[in-house]
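# Descriptive structure summary
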Amino acid sequence: MVGPYRGLFNGPGVKAFVLAGFIGRMPMSMLGIGIVLLVQGLTGSYAIAGAVAAASNISFAVAAPLSGRLVDRFGQSRVIIPFAALNAVALVALMLSARLGLPQWTLYASGLLVGATSLSLGSMVRARWSRLYGGSAKLNTAFAFESVADEVIFVTGPALVTVLATAINPYAGLIVALVCMFGGSVALALQRRTQPVVQPVRAVGGTPILIPGIALLSCVYLAVGGVFGSVDLITVAYAEDHGVKWAAGFLLAAFAGGSMVSGLWFGSRRWRVSLRGRFVRSLGVFVVGLLPIMFIGDVRIMAAGLFVAGLAISPTLITGFSLTERLVPASLLTEGLAWISTSIGLGVAMGAWAGGRLTEEFGASSAYGFSLACALVAVTVGLAGSGLLRLPGAASPAES
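First, a word on what this report is: a plain description of the structure on this page.

### Observations concerning the packing of helix H1 (residues 14-24) against helix H6 (residues 121-133)
Running from amino to carboxyl end, H1 crosses H6 at an angle of 165 degrees, the nearest separation of the two axes being 9 Å. By the criterion of interaxial angle, the relationship of H1 to H6 is roughly antiparallel. For H1 against H6, the interelement crossing comes out left-handed. Contacts from Val 14, Phe 17, Val 18, Gly 21 and Gly 24 in H1 reach Leu 121, Val 125, Arg 128, Trp 129 and Leu 132 in H6. Residue classes in the contact of H1 with H6 are distributed as seven nonpolar, two polar and one charged.

### Description of the pattern of salt bridges
A side chain with one charge can pair with a side chain of the opposite charge if their charged atoms come near. If you walk through the whole model with that rule in mind, you get five salt bridges. The shortest N-O distance in the salt bridge between Asp 298 and Arg 300 comes to 3.5 Å. Linked by salt bridges that have partners in common, Arg 25, Arg 126, Glu 146 and Asp 150 make up one network.

### Examining helix H15 (residues 364-384)
The first and last C-alpha atoms of H15 sit 31 Å apart over 21 residues, in line with the 30 Å expected at 1.5 Å per residue. When we look at burial in H15, the residues that qualify are Ala 364, Ala 367, Tyr 368, Ser 371, Leu 372, Cys 374, Ala 375, Ala 378, Val 379 and Gly 382. Buried-residue contacts for H15 involve helix H9 (212-241), helix H11 (275-290), helix H12 (299-309) and helix H14 (333-362).

### What about the packing of aromatic side chains?
Scanning the entire structure with this criterion turns up eight aromatic pairs. Aromatic ring contacts, followed pair by pair, group Phe 9, Phe 17, Trp 129, Tyr 133 and Phe 145 into a single cluster. Lying over the aromatic face of Phe 321, Arg 126 brings its terminal NZ or CZ to 4.1 Å of the ring centre.

### Digging into the environment of Gly 249
Along the chain, Gly 249 turns up in helix H10 (residues 248-268). Looking at Gly 249, the relative accessible area reads 0%, which means it is buried. Distance in space between the C-alpha atoms of Gly 249 and Gly 355 is 17 Å, their sequence separation being 106 residues. For Gly 249, the residues in contact, after removing those within four places along its chain, are Pro 158, Ala 159 and Thr 162.

Thresholds, definitions, all that
- Every chain's residues receive numbers from 1 upward, in the order its sequence appears when written.
- Confidence filtering applies because this is a predicted model: local features only for residues at pLDDT of at least 70, side-chain atom pairs given and counted only at 80 or more, and all residues used for totals across whole chains, interfaces and linings.
- The side-chain values count all of the structure's non-hydrogen atoms but skip hydrogen atoms and water molecules.
- For helices, the axis comes from a line fit to the C-alpha atoms of the stretch in contact; other axes are also lines fit to C-alpha atoms, and the angle between any two N-to-C directions lies between 0 and 180 degrees.
- A run of DSSP states H or I qualifies as a helix once it reaches four residues; a run of E qualifies as a strand once it reaches two. Both are numbered from the N-terminal end.
- An angle below 35 degrees is read as roughly parallel, one above 145 as roughly antiparallel, one from 65 to 115 as roughly perpendicular, and any other as oblique.
- Crossings are classed by handedness, with left-handed meaning an anticlockwise turn of the near helix from the far one by less than a right angle and right-handed meaning a clockwise turn.
- Here a residue-residue contact requires only that any non-hydrogen atoms of the pair lie within 4.5 Å.
- In the scheme used here, Gly and all other residues not listed as nonpolar or charged are polar, with Ala, Val, Leu, Ile, Met, Phe, Trp, Tyr, Cys and Pro taken as nonpolar and Asp, Glu, Lys and Arg as charged.
- By salt bridge we mean one thing: a side-chain nitrogen of Lys or Arg within 4 Å of a carboxyl oxygen of Asp or Glu.
- Multiplying 1.5 Å by the helix residue count minus one yields the expected span of that helix.
- Using a 1.4 Å probe on the protein chains alone, a residue whose accessible area is under 20% of its type maximum counts as buried, one over 50% counts as exposed, and one in between counts as partly exposed.
- Any Phe, Tyr or Trp ring, taking Trp's six-membered ring, that has another such ring centre within 6.5 Å forms a pair; planes under 30 degrees apart are called stacked, those over 60 apart edge-to-face, and the others tilted.
- Should the NZ of a Lys or the CZ of an Arg lie within 6 Å of a ring centre and within 35 degrees of the ring normal, that charge is described as sitting over the ring.

None of the figures reported here should be taken as evidence of function without further support.
So this is what it looks like as structure tokens:
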């Protein structure tokens, strides 16, 4: 599996922007569970914790395409630093609101600001890869590597923030997330030579969401995000129900670990199946993988079940980002990639809210049924609209 990745990082500045992007987006796996652990620990309610996390995710989802458009218009370096500074202030405000016992609305307000100022650094790193390898087979490998990097983050982040929040204090995980966000973001912003060139001419009023294929992908990833958001929150409750709340991060790490392994394998292959065919099949595997976890009552077996369920995540994301890169014009690339993040973010918000409500009403194991339902919606929509994802200008059938 290693062969195709050799030589991927030989370009000037590649290792630096990959490292900065990796560190800067560590919080994407830490903030959600960090907020849940902080708020639930103070209020005793998973519903409130899920609602605050949902507020943050919704505001990120709304703001991500707008910040992506700013990046396409003015360049990454001019946008990242002010957003990172505002995001740091918002995180501090959230922690202070919790620490000082301020009215509940302050948690929601600061959570909204955290989401609104969070940048989709993954989209920006992928845009840099597109500048380097656009139109070549290496781009698919680069996107596969980024998906694996995302899953390394999702393997380590939840476990790290859970240990910090439970063993040190509820704020420790969010403090580490803040440091990673600001340090990595500023480091990426300072690397100007690898950032995409700003396109001087843009279509007036043009937006990727009006492209039928992007609209379809956004709907699919809305449902996929519902899986992510609900699994994150329900798994915390599942671990607590079994008397091992500290293990929640490790259970989520198993979920991400399956994706990391499949991502390495997926990116190392040369495919004959079309890109859209791979996309739909990955969604189908997601449904099959999620089915057993509703019936698992042992924490150790659940870790294995979540690992298996996570095997479909990376292939689903890799093919979706590759389709997006092919469907949108270069001048709208960052915004187009951000629409995928937006859809996932909205889905995560929906999943976190619904997961919290269903967990309190029916228990954690039954609440996993919502995660399965979201996966079923994703594969149904993807299969029904797959014709919109056809790439007529593809160089080979495997790319069409």
